Amino acid sequence: TRPEQQAAHLCQLIEAEGGAAVRYPALVIKPRPDRAAVRAAIGPADRYDLIIFISANSVRFGADFLDHRHDVPIAAVGQPTAAALNAAGFRVSLMPAEGAGSEELLAMPQLAQMAGKRVLILRGSGGRELLSEVLTARGALVQYAEVYTREPARPTAELQADIELLWRQGGIRAYAATSVELLEALVG
């Protein structure tokens, strides 16, 4: 059910264990249509004390908002996000050693005292509020840049029929939805 461009790794892992992976993307990740307005709202990257990338998708659709500034402190929520930032030519200055969630990032001592710090969080539309809530409570001035959207996929009639047939014949033993949003899209 992962978005098409993100399914390969999970499918490879399933197949390496002897399974047969059936790709059925439930979501499509797209850049926000109003990117110019988002860019104008956040202003230059050097006005922030910390820029947090939530996901590899936030890097994919938001790294260009840094305007090639490689001197701004950047945080990555997890290793895949850090790898995407490194591939885009940016150095990650803050990332949890273990885990890949907002909770692990917030547990880092570097984020304990945030009074007066300006923080930009790059994420998808409608993401969790935890980072903003906690950093604001710690005194930070937080701004979001929602750089992509997640939309339910529209599978072709042929793929839909193939999946339904496999399901009825018992050819699908399990499905993987790595987020509530993916599960909701699949059920829809």
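Below, the structure is looked at part by part. Bear in mind that the values here come from a model prediction, so they are computed numbers and not experimental data.

**Some words on the pattern of salt bridges**
Right, on to step 1. All told, the structure shown has 13 salt bridges when counted by the stated rule.
Right, on to step 2. The salt bridge involving Asp67 is made with Arg39; its shortest N-O contact spans 2.7 Å. Linking Asp67 in the loop between helix H3 (56-62) and strand E3 (74-76) with Arg39 in helix H2 (residues 35-42), this pair joins segments that are 28 residues apart in sequence.
Right, on to step 3. On the basis of relative accessible area, Arg39 is assigned to the partly exposed category, the value being 29%.
Right, on to step 4. Between Arg150 and Glu181 there is a salt bridge, and its shortest N-O distance comes to 2.5 Å. Placement of the pair is Arg150 in strand E5 (residues 141-152) and Glu181 in helix H8 (residues 180-187), with a sequence separation of 31 residues.

**Description of the nonpolar core**
Right, on to step 1. Core analysis: the largest hydrophobic core is formed by 24 residues, its most contacted members being Ile51, Phe53, Leu66, Leu85 and Leu122.
Right, on to step 2. Of all elements in the fold, only H2, strand E2 (50-53), H3, E3, helix H4 (79-87), strand E4 (118-124) and E5 reach the threshold of two or more residues within this core.
Right, on to step 3. Counting residues per element, this core draws most heavily on E5, at 3 residues.
Right, on to step 4. With sequence-adjacent residues up to four places away left out, Ile51 is seen in contact with Ala45, Leu66, Val72, Pro73, Ile74, Ala75, Leu120 and Leu122.
Right, on to step 5. Within the second largest apolar cluster, 15 residues are counted, among which are Val77, Met114, Leu131 and Ala140.

Definitions and cut-offs
Residues numbered from 1 in each chain as written. Predicted model: local features only at pLDDT ≥ 70, side-chain atom pairs only at ≥ 80, totals over all residues. Heavy atoms only, no water. Salt bridge = Lys/Arg side-chain N within 4 Å of Asp/Glu carboxyl O. Helix = DSSP H or I, 4+ residues; strand = E, 2+ residues; numbered from the N terminus. Buried < 20%, exposed > 50% of the residue type's maximum accessible area, 1.4 Å probe, protein only. Core = buried A, V, L, I, M, F, W, Y, C linked by side-chain atoms within 4.5 Å. Contact = heavy atoms within 4.5 Å.

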